[in-house]
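# Fold and geometry: a report
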There are 2 protein chains.
Amino acid sequence: MVEQTLLEQLVEALRVMPGIGRKSAQRIAHQLLQRNRDAAKHLSRILAEAMDRIGHCKRCRTYTENELCYLCENTRRDDSTICVVENPSDVDAIEEANYKGRYFVLLGHLSPLDGIGPDDIGLHDFQKLIENEDLKEVILATSTTVEGEATAHFISEMCKARGKQVTRIAHGVPMGGELEYANSLTIAHALDGRREI
Amino acid sequence: MVEQTLLEQLVEALRVMPGIGRKSAQRIAHQLLQRNRDAAKHLSRILAEAMDRIGHCKRCRTYTENELCYLCENTRRDDSTICVVENPSDVDAIEEANYKGRYFVLLGHLSPLDGIGPDDIGLHDFQKLIENEDLKEVILATSTTVEGEATAHFISEMCKARGKQVTRIAHGVPMGGELEYANSLTIAHALDGRREI
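Residues numbered from 1 in each chain as written. Chains lettered and ligands numbered in written order. Predicted model: local features only at pLDDT ≥ 70, side-chain atom pairs only at ≥ 80, totals over all residues. Heavy atoms only, no water.

## Quick word on the pattern of salt bridges
Stated precisely, the cut-off is as follows: The salt bridge criterion pairs a side-chain nitrogen of Lys or Arg with a carboxyl oxygen of Asp or Glu, the two atoms within 4 Å. A run of H or I in DSSP becomes a helix once it reaches four residues, and a run of E becomes a strand once it reaches two; helices and strands are each numbered from the N terminus. Burial classes: relative accessible area under 20% of the type maximum marks a residue as buried, over 50% as exposed, and values in between as partly exposed (1.4 Å probe, protein chains only).
Within this structure, the stated rule accounts for 16 salt bridges over all chains. K41(A) is paired through a salt bridge with D52(B); the nearest N and O atoms lie 2.8 Å apart. You can see K41(A) sitting in helix 3 (residues 37–53) and its partner D52(B) sitting in helix 3 (residues 37–53), one on each of two chains. Look at D52(B) and you get exposed, because its relative accessible area is 52%. R162(A) serves as the salt-bridge partner of E131(A), at 2.8 Å between the closest nitrogen and oxygen. Within this pair, whereas E131(A) is found in helix 6 (residues 123–132), its partner R162(A) is found in the loop between helix 7 (146–161) and strand 6 (165–168), the two being separated by 31 residues in sequence. Here E131(A) falls in the partly exposed class, since its relative accessible area comes to 43%. Judged by its relative accessible area of 30%, R162(A) falls in the partly exposed class.

Written out as C-alpha cells, the structure reads:
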C-alpha cells in the first residue's frame, strides 16, 4: 500500500458530505485547487468554527451558536403558536411559507425499535414549555412517514391532556402537482380534507 | 439586514463547491452538524492543508504536494510514451484504463479568444521535454471539443516538426453504448476509424 497523496486524502475527506461520491469529490477537489483556493480556505475556516461553536437553541432546539436562535430571540414573533418539526431544515422550509409563530425542533422522531423515546426528542422540555407558556395552538408538522405520524399522535395526546388546541398541517395534492402523479394515499388525504368553496 | 448566523455562513461557504446549490448546501450543513462533526473537522484541516501545500508537478504539471508527482517519481513507468491531457482528472481516468506511460497535463486548452496561448498551457515546457527526452510516441488525449481538437492539432504539428510519432486516441461509439443513442458525429468518427477484424 503506497502512502496516500494529499489530493487523495482530500477526495476521501470530501466524501463525508452526503450525496458526494468519489467522482463528485474528485471534481470538487480539482475545481477548488484550480480556481478557488481562497474560497476553499474560507470554507475550511467556517467549517471548523461551525462544528466547534454551533449547538442547539435552549428553547426550540434548532441549531445556533448562541444560547437562543435568532427566531427565539426575535420578540416580534407570535408567541401564541408553536410549530413542531422533526429537523432544523424543516424550520427553513416553513419560514419560506411566511409562518410567524414559534418552533420546536424534535431533532428526530419517536422510534421505539431504535430505542428513541420521548426524552430523546426533547418532549420533556416540550412538556414544560406547553405547561408554562401561554400557547393558543400547537401545529404538528412532523413528516408523513409512519414514525412522523406516530410522533404527531403522541404529541397531540400530550397537548390535549393539558387542554391545548393542537392541529396537523394539511396533506393533499401539492400545489402545481398533477393528480395523475399523486399517490393514492395522498389523494385519499386530499379527499378527506376537502373544503367548501 | 440582520447579521448572518454561523449556519448561514457555513451554507454559503459550502456553495463554493461546483454542483452544490443552496438546498444541497443546507442538507450537507445539517447532516455534518447532526452526525459527523469530527469528520467535518478533519475535512476542514485537510482542505486547508491541501489548498496551501498542493502545487504542480515540475515535470508533468499535475497536482502534487511534492516536487514530482507519484507517477513521475515512479521509475517503473514507460518513459518512451507520453500522454497529453487537458486536466489532472483526465490522468485519473486514463490510469484506470491501465496505461503505463508518462503524462503531460496542459491545465487547459488553447483558446485564443480568451487569450490562452501555447505558453499558458505549458507548451514551452513540453517542447523542452520532447526535445530532450527519448520519446517514442506522443498520445494526444485532449477532449473532443473544438478547443481540444485545435490544441491536439497544434501539439501534433509541434511533435512532427521534431520528428516524433504522434497519435490521437480513438473516438467512436462508447463500449456498452447503443448505436441509436450515439450522436452522428460520433458515428461518423466510428465509421472513419473502422478496423478489419
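Here the narrative resumes, following the displayed structure.
## With respect to the nonpolar core
Here is the rule we go by: Nonpolar core, defined: a set of buried Ala, Val, Leu, Ile, Met, Phe, Trp, Tyr and Cys residues in which side-chain atoms within 4.5 Å join the residues together. Pairs of residues are marked as contacts when any of their non-hydrogen atoms sit within 4.5 Å.
Counting 44 residues, the largest nonpolar core has L10(A), L14(A), M17(A), L10(B), L14(B) and M17(B) as its most contacted members. Where this core is concerned, the elements lending two or more residues are helix 1 (6–14), helix 2 (22–35) and helix 3 of chain A together with helix 1 (6–14), helix 2 (22–35) and helix 3 of chain B. Among all residues touching L10(A), those that are not within four sequence positions of it are A29(A), L43(B), I46(B), L47(B), A50(B) and M51(B).

## Let's talk about the sheet that holds strand 6 of chain A
Residues and elements named next belong to chain A. How we decide: The pairing criterion is simple: DSSP has to find at least two bridges between the two strands. Note on definitions: angles span 0 to 180 degrees between N-to-C directions of axes, and those axes are lines fitted to C-alpha atoms, for helices only across the stretch in contact.
The four strands lie next to each other as 4-3-5-6, forming an open sheet whose pairing is parallel. Both outer strands of the open sheet, strand 4 (101–105) and strand 6, are each paired with one neighbouring strand and no more. Between one strand axis and the next, the sheet turns through 25° on average, direction left out of account. In the sheet, strand 3 (residues 78–85) pairs with strand 5 (residues 137–140) via four bridges, with the strands oriented parallel. Opposite C83, over in strand 5, you have I139 as the bridge partner. Of the strands in this sheet, strand 3 and strand 4 are in contact with helix 5 (residues 88–95), which crosses strand 4 at around 160°. Sheet strands in contact with helix 7 are strand 3, strand 5 and strand 6, and its direction is about 165° off that of strand 6.

## Remarks on the relation of the copies chain B and chain A
Note: a rotation about an axis with an accompanying shift along it relates these two copies of the chain. We apply this condition: Superposition of the copies used a least-squares fit over C-alpha atoms from residues whose pLDDT is at least 70 in both.
Superposing chain B onto chain A takes a rotation of 180° combined with a translation of 0.0 Å along the rotation axis, leaving an RMSD of 0.1 Å. Look at the turn and shift together and you get a two-fold axis relating the two. If distances are taken from each C-alpha of chain B to the rotation axis, the shortest is found for S44(B), at 2.2 Å.

## Observations concerning the pairing of strand 4 of chain A
All names here are of chain A. To keep it simple, the criterion reads: The definition of a right-handed crossover adopted here requires that, viewed with the strands pointing away, the path from the first strand over the helix to the second runs clockwise.
Of all five residues in strand 4, five are buried; the element is thus mostly enclosed. Summarising the sheet, strand 3 and strand 4 pair through five bridges and their orientation is parallel. Within strand 4, the position partnered with C83 by the bridge is Y103. Assessed by its sense of winding, the connection that carries the chain from strand 3 through helix 5 to strand 4 is right-handed.

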